[in-house]
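If you want the building blocks of each chain, they are given just below.
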Amino acid sequence: MPAKIKKGDKVVVIAGRDKGKTGEVIQMLPSENRAVVRGVNLVRRHLRQTQQSEGGIVTKEAPIHLSNIALADPKDGKPTRVGFTTNEGGATVRVAKRSGDVIDG
């Protein structure tokens, strides 16, 4: 079955401390059922200084579980579930359940 959420999708956080925030998926981790979303689930990492990089505290995105994010509807940006259908060319495309819009293709 094709993936419901892919790299580059606009998603909405539906649970957790960042609930309500939106962002773009910048990396998928399918083996862990997680995704890295730009501007969401920010954590601060303490890095030791090396010859290549200086040390300090760096803020970066941590992976968030797929159950805590939902695809943003193309029409209104609200969270929607994802369905699948075939288009006239015979290809499987993703469809937003909320509005019925085709997400890709």
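Attention here is on the structure that accompanies the text.

Parameters and conventions
Numbers given to residues run from 1 along each chain, matching the order in which its sequence is written. In keeping with the model being predicted, local features are shown solely for residues with a pLDDT of at least 70 and side-chain atom pairs are shown and tallied solely at 80 or more, while totals for entire chains, interfaces and linings include all residues. Think of the side-chain values as coming from all heavy atoms in the structure, minus any hydrogens and water. Only DSSP runs of H or I reaching four residues or more are called helices, and only runs of E reaching two or more are called strands; each is numbered from the N terminus. With a 1.4 Å probe rolled over the protein chains alone, any residue whose accessible area is under 20% of its type maximum counts as buried; one over 50% counts as exposed, and the rest are partly exposed. Under the rule applied, a polar contact is a pair of N or O atoms within 3.5 Å (in protein, one hydrogen donor and one hydrogen acceptor; residues adjacent in sequence only if both atoms are side-chain atoms). Two residues qualify as a contact provided that any one of their heavy atoms is within 4.5 Å of a heavy atom in the partner residue. Strands are treated as partners if at least two bridges between them are detected by DSSP. By definition here, a salt bridge exists when the distance from a side-chain nitrogen of Lys or Arg to a carboxyl oxygen of Asp or Glu is within 4 Å. The definition of a nonpolar core used throughout is a set of buried Ala, Val, Leu, Ile, Met, Phe, Trp, Tyr and Cys residues joined through side-chain atoms within 4.5 Å.

**Observations regarding the side chain of Asp-9**
Step number 1: Within the fold, Asp-9 resides in the segment before β1 (10-13).
Step number 2: With relative accessibility at 9%, the residue Asp-9 sits in the buried group.
Step number 3: Among the polar contacts made by the side chain of Asp-9, one reaches the main-chain amide nitrogen of Lys-6 at a distance of 2.7 Å.
Step number 4: Filtering out sequence-adjacent residues up to four positions away, Asp-9 remains in contact with Lys-4, Gly-23, Glu-24, Val-25, Leu-71 and Arg-94.

**Considering the sheet that holds strand β8 (residues 79-80)**
Step number 1: As summarised here, the arrangement of the six strands in space is β6-β3-β2-β1-β7-β8, forming an open sheet in which the pairing is antiparallel. Since the sheet does not close on itself, it has two edges, and those belong to β6 (64-65) and β8, each with one partner.
Step number 2: Inspection of the sheet shows strand β2 (residues 22-29) paired to strand β3 (residues 34-37) by four bridges, in the antiparallel sense. Bridge pairing in β3 links Met-28 to Ala-35.

**Looking at the pattern of salt bridges**
Step number 1: A full pass over the atoms with the stated rule returns six salt bridges.
Step number 2: Between Arg-94 and Asp-9 there is a salt bridge whose closest N-O contact spans 2.7 Å. Linking Arg-94 in strand β10 (residues 92-96) with Asp-9 in the segment before β1, this pair joins segments that are 85 residues apart in sequence. For the pair Arg-94 and Asp-9, a shared accessibility class is recorded, and that class is buried.
Step number 3: Glu-24 is paired through a salt bridge with Arg-38; the nearest N and O atoms lie 3.2 Å apart. One end of the pair, Glu-24, is in strand β2; the other, Arg-38, is in the loop between β3 and β4 (42-47), and 14 residues separate them in sequence.
Step number 4: Given the relative accessible area of 45%, Arg-38 is considered partly exposed.
Step number 5: Connected through shared salt-bridge partners, Lys-10, Glu-24 and Arg-38 make up one network.

**Observations regarding the nonpolar core**
Step number 1: Ranked by size, the top nonpolar core spans 11 residues in total: Ile-5, Val-11, Val-13, Val-25, Ala-35, Val-37, Val-40, Ile-64, Ile-69, Leu-71 and Val-82.
Step number 2: Taken together, the elements giving at least two residues each to this core come down to β1, β3 and β7 (69-72).
Step number 3: What Ile-5 contacts, discounting residues up to four positions off in sequence, is Val-11, Val-25, Met-28, Ile-69 and Arg-94.

**Overview of the side chain of Asp-18**
Step number 1: Tracing the sequence through the fold places Asp-18 in the loop between β1 and β2.
Step number 2: Asp-18 sits in the buried class, given a relative accessible area of 10%.
Step number 3: A polar contact is formed between the side chain of Asp-18 and the backbone nitrogen of Asn-41, at a distance of 2.5 Å.
Step number 4: Apart from the residues within four sequence positions on either side, Asp-18 is in contact with Val-13, Val-40, Asn-41 and Leu-42.

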